[in-house]
Amino acid sequence: MSRGSKAVTKTYDVVIIGAGPGGYNCAIRAGQLGLSVACVERRSTLGGTCLNVGCIPSKSLLHASELFHVAATELSGLGIDVGTPKLNLGHMMKAKDDAVSGLTKGVAFLLKKNKVDVFYGEGSFVDSETVRVLGADDTAQTLKARNIVVATGSEPATLPGVDVDEDRIVSSTGALEFPEVPETLVVIGAGVIGLELGSVWARLGAQVTVVEYSDGILPGADPEIAKAAQAIYEQQGLTFVTNAKVESAVVDGASVGVNVTMPDGNRQTLTADRAIVAIGRRPYTRGLSLENAGVNPDERGVLVGDGALRLAKTIWAIGDCTSGPMLAHKAEDEGVAVAEMIAGQTPLIEHDLIPSVVYTAPEVAWVGATEDALSDRDIRVGRFPFLANSRARASGESQGLVKLIADAKTDEVLGVHIVGTGAGELIGEACTLMAMSGSAEDLARICHAHPTRSEALRQSAMDAAGWAMQI
Ligand code: NAI
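All values derive from a computational prediction rather than experimental measurement.

**Q** Give a description of the site of the ligand that names residues and reports values.
**A** Near the ligand lie 21 residues; those nearest to it are Ile-193, Glu-196, Glu-212, Gly-280 and Val-357. Ile-193 places a main-chain nitrogen or oxygen 2.9 Å from an oxygen atom of the ligand. Between the ligand and the protein, one listed contact pairs a nitrogen atom with a backbone N or O atom of Tyr-213 at 3.1 Å. Out of a free accessible area of 850 Å², the ligand has 80% covered by protein chains. Per-element accounting of the shell around the ligand gives the leading share, three residues, to helix α5 (residues 192-203). Classifying every residue of the shell around the ligand by side-chain character gives 15 nonpolar, three polar and three charged.

As structure tokens, then:
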């Protein structure tokens, strides 16, 4: 029972539950369009998982750990003698926390600038036009709305037999906060989180073993690119056990035993200082009292709309809690689209052109279809290795390749897949080209600055037509 309760008399055009990349971008766009907006957030800071315990803190640690690794392994080869670098993990963590805190304040500023009222507390449905916000001080407020947008995000999926204590056995959240570098670390799941956080701790000195259920890493990536990436990670010292099923994990004092059925069917216990569980995420819709609004998630907890992100006349869902990839930029685009639809516009979201990026070193990035997915189409595939790209060679970052897939008849680019330094930035050009239904010929004929890595993308387009010149 709440201590006090008060109704906010105004009826908002939009009440958004959740202030992650989906929710806060929806709020900003709705505010820009002149709608009255409230945003409800249960955390004490804005920005959701991405900003508080996801994309942003992990990128801070990826950046810092990469510099540490480069200082230890590469600088002397470039004639820069800095001796053996010494890790100050506390400072590294503080730099990460400072980046997060600055950015959460930035989101608060943007919401204020766009006249969005922020209510801190747990939001839940009273009915299809009313949201109750229960604050940390047990005070409830009631908000009336013409539209309610559910943007509550996701939470780490759990594995039966593996209890996450956020100490020895951690989710992605605990893996951003280890008090010291583990000597040994088992990562369960070779997806994006496992590879990014496994890389962070490997660069800082941990012996990392990644256990993966399927026969390769990075589900969803083009298998050729995933294989190339795996070979690079292995050179960096990561050990992969694929086709292996984690059955359970047991904490014993300062270590954890991860029980795995190995590819040959034998059981083995991998003992490590800590283990990270990174086997996917599931929508977070608990406590919303969706039934009061006549809305039901599917059996996986996903809020499935009508294809246009609408769950009911007054209710919308965006981001990780609805169908599609669980990515911040997908949530952002859906947030913008829903705000525009509420304002009477007809925005278009190209769900087939959402890029994926793995922020390891080198990065892996892709957009559009994989070669496998196009097995029934007549296609041409162009490839270009960074080994033949002058900028990559000059910087000593020549691992990886660009793979471009085009329709054999129309030459339209259907997919671009990259493993290599800067792949996450390079993929933007592929997104733009594909959004304009561009062809490989278009890309091959557009002038690219020399020497840049983007020339590798251009050369892959030339290769699709059989005239790559620099290989
Ligand atoms: P994921 O779905 O990317 O990968 C999970 C992996 O765990 C899969 O390869 C799966 O086969 C494996 N797995 C499942 N059960 C297993 C078991 N019992 N034993 C061994 N392996 C098992 O999930 P992840 O990495 O947890 O990421 C969750 C979500 O967060 C994803 O949707 C991802 O796109 C998103 N994310 C995106 C980031 C980015 O864009 N850079 C960064 C971090 C997360």
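**Q** Lay out the pattern of salt bridges with the relevant residues and their values.
**A** Following the criterion strictly, the structure yields 24 salt bridges and no others. For Arg-29, the salt bridge goes to Glu-340, with nearest N and O atoms at 2.7 Å. Taken together, the residues span a long stretch of sequence, with Arg-29 in helix α1 (residues 21-32) and Glu-340 in helix α7 (residues 328-342) at a distance of 311 residues. By relative accessible area, which is 13% here, Glu-340 ends up buried.

**Q** Summarise unusual backbone geometry; cite the residues concerned and give the values.
**A** In this chain, Ala-361 is followed by Pro-362 through a cis amide linkage whose omega measures 0°. The topology assignment puts Pro-362 in the loop between β19 (356-358) and β20 (363-368). In this structure, Pro-451 follows His-450 across a cis peptide bond, with omega equal to -5°. Turning to its location among the elements, Pro-451 is positioned in the loop between α10 (440-445) and α11 (454-464).

**Q** Outline the packing of α1 against α7, supporting the account with residue identities and numerical values.
**A** Taken N-terminus to C-terminus, the directions of α1 and α7 make an angle of 30°; their axes are 7 Å apart at the nearest point. In terms of their interaxial angle, α1 and α7 are classed as roughly parallel. For the crossing formed where α1 meets α7, the hand is right-handed. Only Ala-328, Ala-331, Glu-332, Gly-335, Val-336, Val-338, Ala-339 and Glu-340 of α7 make contact with α1, whose side of the interface consists of Pro-21, Gly-22, Asn-25, Cys-26, Arg-29 and Ala-30. Each residue belonging to the contact of α1 with α7 can be placed in one class, and the counts come to eight nonpolar, three polar and three charged.

Reading the values: rules and limits
Residues numbered from 1 in each chain as written. Predicted model: local features only at pLDDT ≥ 70, side-chain atom pairs only at ≥ 80, totals over all residues. Heavy atoms only, no water. Near = heavy atom within 4 Å. Polar contact = N/O pair within 3.5 Å; in protein donor to acceptor, adjacent residues only side chain to side chain. Areas by Shrake-Rupley, 256 points an atom, 1.4 Å probe, with all protein chains shown as cover. Helix = DSSP H or I, 4+ residues; strand = E, 2+ residues; numbered from the N terminus. Nonpolar A, V, L, I, M, F, W, Y, C, P; charged D, E, K, R; others polar. Salt bridge = Lys/Arg side-chain N within 4 Å of Asp/Glu carboxyl O. Buried < 20%, exposed > 50% of the residue type's maximum accessible area, 1.4 Å probe, protein only. Axes fitted to C-alpha atoms, helices over the stretch in contact; angles between N-to-C directions. Parallel < 35°, antiparallel > 145°, perpendicular 65-115°, else oblique. Left-handed = near helix turned anticlockwise from the far one by under 90°. Contact = heavy atoms within 4.5 Å.

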